[in-house]
Amino acid sequence: MEATMVVMVHALAAILTLWLISRSLWHLVWRPYAFVGWFERQGIRGPPYRFVLGSLWEMKQMLIAERAMTGESTQKMIVQWCNLIEKGDGHQAKIDMGCYAEELTLGVIERVIFGAHYKEAREVFAEGKEIKKLVVHALADPRIPGFRYLPTRRNFQAWKLDRSITSKITRLIKERLASGVDGDDLIGLMLRANKSEEVESLSSDDMISECKTIFAAGQDTGATLLTWGMFLLTIYPEWKERLREEVLRECRDDDGEAPYINSIKVLGKLKLLNMFLLETLRLYSLLPFLLRKTASDTTLANIKFRKGTMITIPVMTLHRSKEIWGLDADEFNPMRFEKGVLGAANNTYAMLAFSCGPRGCPGRNYTMIEVQTVMTMILRRFSFSLSSQYVHMPRNFISLAPRYGLPLIVRKLMDGEKK
Ligand code: HEM
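A few points on the structure. Here the residue numbering is sequential within each chain, running from 1 through the sequence in written order. A pLDDT threshold of at least 70 governs which residues receive local features in this predicted model, and a stricter bar of 80 or more applies before side-chain atom pairs are shown or counted, although totals over entire chains, interfaces and linings include all residues. Side-chain metrics rest on all non-hydrogen atoms present in the structure, leaving aside hydrogens and water.

### Focus on the overall build of the protein
Then, number 1: The numbering of helices and of strands both runs from the N terminus, where a helix is a DSSP run of H or I of at least 4 residues and a strand a run of E of at least 2. Counting its secondary structure elements, the protein contains 15 helices and 9 strands.
Then, number 2: The burial tally for the protein puts 42% of its 419 residues in the buried class.
Then, number 3: Counting contacts in the protein only where the partners sit at least 6 residues apart, residues at least 24 apart contribute 73% of the total.
Then, number 4: Shrake-Rupley sampling with a 1.4 Å probe provides the accessible areas, and residues are treated as covered by the protein chains on show and by no other component. Looking at the protein as shown, the accessible area adds up to about 23600 Å², and 59% of this sits on carbon and sulfur atoms. The buried label goes to any residue with under 20% of its type's maximum accessible area, the exposed label to any with over 50%, and the partly exposed label to all in between, with areas taken from a 1.4 Å probe on protein chains only. By definition in these notes, contact holds between two residues if any of their heavy atoms fall within 4.5 Å.

This is the structure:
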């Protein structure tokens, strides 16, 4: 009896070991090879790679496409607001700007990356949100090397979500390749960059992780800047009027009727709006601190740091430093940016909302175009104020956002108010 038990335990252990080996081989060897092979058949070859996204002209085309998509999505949002007003008392409606901003920027980024709206992109977004929660919890974990590789419940959850995101993005890229469509979206740019002789090829993994990065970095950032911008306009109504006046003045076509979707050239003329957004980013910096690791033994401000030291750059504190920005550093004053970012403070690196240097944010223009386009269109159509239900509680959940959203009361502008 005992001998049978021993044989059974051994057999079970052998089966389990074989199963584990086959799973590991599948994940580590066979699957990546199959995947790379599949991409190679499409003419996409592997590493190494530098981050190259086609030519500058192509990047510009992508921004033009982004602006058009933002215009369309904002138009859709405007119609929804008008319907809400009609269904209500006909004068005004309560909306949560945070939710609309999230939906709008998600609609734009999925089209900027994949060229169309996809159910999978929505699911990727929802799963990305779950990962974000896990990351926030992980920040409180003990700093033990290799901790993130341990099979804890949270790590398992994160790995599962990451696998699901990867497979959905892979499916979307495959479908796109199969369709043979060559668009002005991120996938189109990467595929063209691959065909070009001048740049090194992207591997399949590079393409997937590029999509993941842009999706993660580019969605809620724009939504949050838009939300803080709208919040500040309700707190400083004189700025709402100044910006509306600028928008109505600059965004006119030959008929004297302002177009829905402004050209980039027009956006360039909206100086006050640009200054307003810079001041919003100064006071409500989305990333309240940045982290850097010293690559070698370093001396900063006469303090010696050993190689590998983690340094926290307190962006939020620096953005409100009177030494750097002057005595009115705590006050809201977009006019400080009248002579540009360099003229606003006594330090070249004072404005860190997008960080700076080679690892500064590559999505800066993208966001500014997106948020300017949306605000321009809202300012032309609506008047808005803060709902009494608003609770001012900024929360740093990887990025700084209003914890309970931004409830606004929106009202359609009368014809007389648009002049
Ligand atoms: C208001 C909006 C945004 C803000 C405030 C912002 C801010 C930042 C900051 C501070 C960094 C540097 C992070 C660090 O070094 O630790 C960064 C990096 C990055 N951002 Fe943004 N970002 C915004 C929007 C976007 C958008 C819309 C995209 C893409 C479409 C994007 C893509 C990226 C990427 C890919 C990086 C990593 C760059 C690298 O590691 O070299 N960002 N962003």
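Additional details are given in the paragraphs that follow.
### Let's talk about the site of the ligand
Then, number 1: Put simply, a residue is near a molecule or strand once any heavy atom of it comes within 4 Å of that molecule or strand. Close to the ligand lie 19 residues, the nearest being Arg292, Ala353, Arg359, Cys361 and Thr367.
Then, number 2: Arg292 places a side-chain nitrogen or oxygen 2.8 Å from an oxygen atom of the ligand.
Then, number 3: Elements with a contribution of two residues or more to the shell around the ligand: helix H7 (204-218), helix H8 (220-235), strand S2 (290-293) and helix H15 (364-381).
Then, number 4: Among the elements that take part in the shell around the ligand, H7 stands out by supplying 4 residues, more than any other.
Then, number 5: When residues are sorted by character, Ala, Val, Leu, Ile, Met, Phe, Trp, Tyr, Cys and Pro go into the nonpolar class, Asp, Glu, Lys and Arg into the charged class, and all the rest, Gly among them, into the polar class. When its residues are assigned to classes, the shell around the ligand shows 11 nonpolar, 6 polar and 2 charged. We call two N or O atoms a polar contact when they sit within 3.5 Å, provided that within protein one can donate a hydrogen and the other can accept it, with sequence-adjacent residues counted only if both atoms are side-chain atoms.

### Considering the pairing of strand S1 (residues 92-96)
Then, number 1: Only one face of S1 is covered, namely the face carrying Ala93 and Ile95; the face carrying Gln92, Lys94 and Asp96 is uncovered.
Then, number 2: Here, a strand pair is defined by DSSP locating no fewer than two bridges between the strands. Relative to strand S9 (residues 407-412), S1 runs antiparallel, the two sharing 5 bridges. Bridge assignment links Ala93 to a residue of S9, and that residue is Val410.

### Observations regarding the packing of aromatic side chains
Then, number 1: Here the aromatic set is Phe, Tyr and Trp, taking the six-membered ring for Trp, and pairing holds for ring centres within 6.5 Å; pairs whose planes are under 30 degrees apart are stacked, those over 60 apart are edge-to-face, and all others are tilted. Applying the stated criterion to the full structure yields 13 aromatic pairs.
Then, number 2: On the basis of an interplanar angle of 90 degrees and a centroid distance of 5.8 Å, the ring pair of Trp81 and Tyr100 is categorised as edge-to-face. In this pair, Trp81 is assigned in helix H2 (residues 56-87) and Tyr100 in helix H3 (residues 97-114), connecting sequence segments 19 residues apart.
Then, number 3: On the basis of an interplanar angle of 75 degrees and a centroid distance of 5.9 Å, the ring pair of Phe276 and Phe332 is categorised as edge-to-face. One end of the pair, Phe276, is in helix H11 (residues 271-283); the other, Phe332, is in the loop between helix H13 (322-325) and helix H14 (340-344), with 56 residues separating them in the sequence. Across the pair, Phe332 and Phe276 agree in class, each one buried.
Then, number 4: Among the aromatic residues, those joined into a ring-pair cluster are Trp228, Phe231, Tyr284 and Tyr390.
Then, number 5: We call a charge positioned over a ring when the NZ of a Lys or the CZ of an Arg lies within 6 Å of the ring centre and within 35 degrees of the ring normal. The residue whose ring lies beneath Arg242 is Trp239, and the NZ or CZ to ring-centre distance is 4.5 Å.
Then, number 6: In this structure, Arg395 is placed above the aromatic ring of Phe397, and the distance from its NZ or CZ to the ring centre is 4.5 Å.

### Focus on a nonpolar patch on the surface
Then, number 1: Residues qualify for a patch when their relative accessible area is over 30% and they have no salt bridge, like charges being joined within 9 Å and the nonpolar side chains of Val, Leu, Ile, Met, Phe, Trp and Tyr within 5 Å. Criterion for a salt bridge: a side-chain nitrogen of Lys or Arg within 4 Å of a carboxyl oxygen of Asp or Glu. On the surface, a cluster of nonpolar side chains totalling about 310 Å² of accessible area is made up of Val135, Leu139, Leu287 and Ile398.
Then, number 2: By the secondary structure assignment, Leu139 is in the loop between helix H4 (119-138) and helix H5 (153-179).
Then, number 3: Since its relative accessible area comes to 52%, Leu139 is described here as exposed.

### A short note on the nonpolar core
Then, number 1: Note on terminology: a nonpolar core comprises buried Ala, Val, Leu, Ile, Met, Phe, Trp, Tyr and Cys residues joined through side-chain atoms within 4.5 Å. Counting residues in hydrophobic clusters, the biggest one holds 92 residues, and the most contacted among them are Met97 and Phe276.
Then, number 2: Sort the elements by how many residues they give to this core and H3 lands first, with 10 residues.
Then, number 3: Among all residues touching Met97, those that are not within four sequence positions of it are Trp81, Leu226, Thr227, Met230, Ile378, Leu406 and Leu408.

### Notes on the coordination of the iron atom of the ligand
Then, number 1: For Na, K and Ca the donor cut-off is 3.2 Å, and for all other metals it is 2.8 Å, counting N, O and S atoms only; because water is absent from this set, sites may look incomplete. No protein donor other than Cys361 (SG) coordinates the iron atom of the ligand, and that contact is at 2.3 Å.
Then, number 2: Along the chain, Cys361 falls in the loop between H14 and H15.

### Here's the deal with the environment of Leu291
Then, number 1: With respect to the element layout, Leu291 can be found in strand S2.
Then, number 2: Once residues within four sequence positions are removed from consideration, Leu291 is found in contact with Met310, Ile311 and Thr312.

### Considering the pattern of salt bridges
Then, number 1: A full pass over the atoms with the stated rule returns 19 salt bridges.
Then, number 2: Between Arg122 and Glu110 there is a salt bridge whose closest N-O contact spans 3.0 Å. Separated by 12 residues along the polypeptide, Arg122 in helix H4 and Glu110 in helix H3 bring together distant segments of the chain.
Then, number 3: On the accessibility criterion, Arg122 (29% relative accessible area) is partly exposed.
Then, number 4: Salt-bridge contacts for Glu250 lead to Arg249; the nearest nitrogen and oxygen are separated by 3.4 Å.
Then, number 5: Ionic contacts of the salt-bridge type, sharing partners, join the residues Lys119, Glu123, Glu127 and Lys168 into one network.

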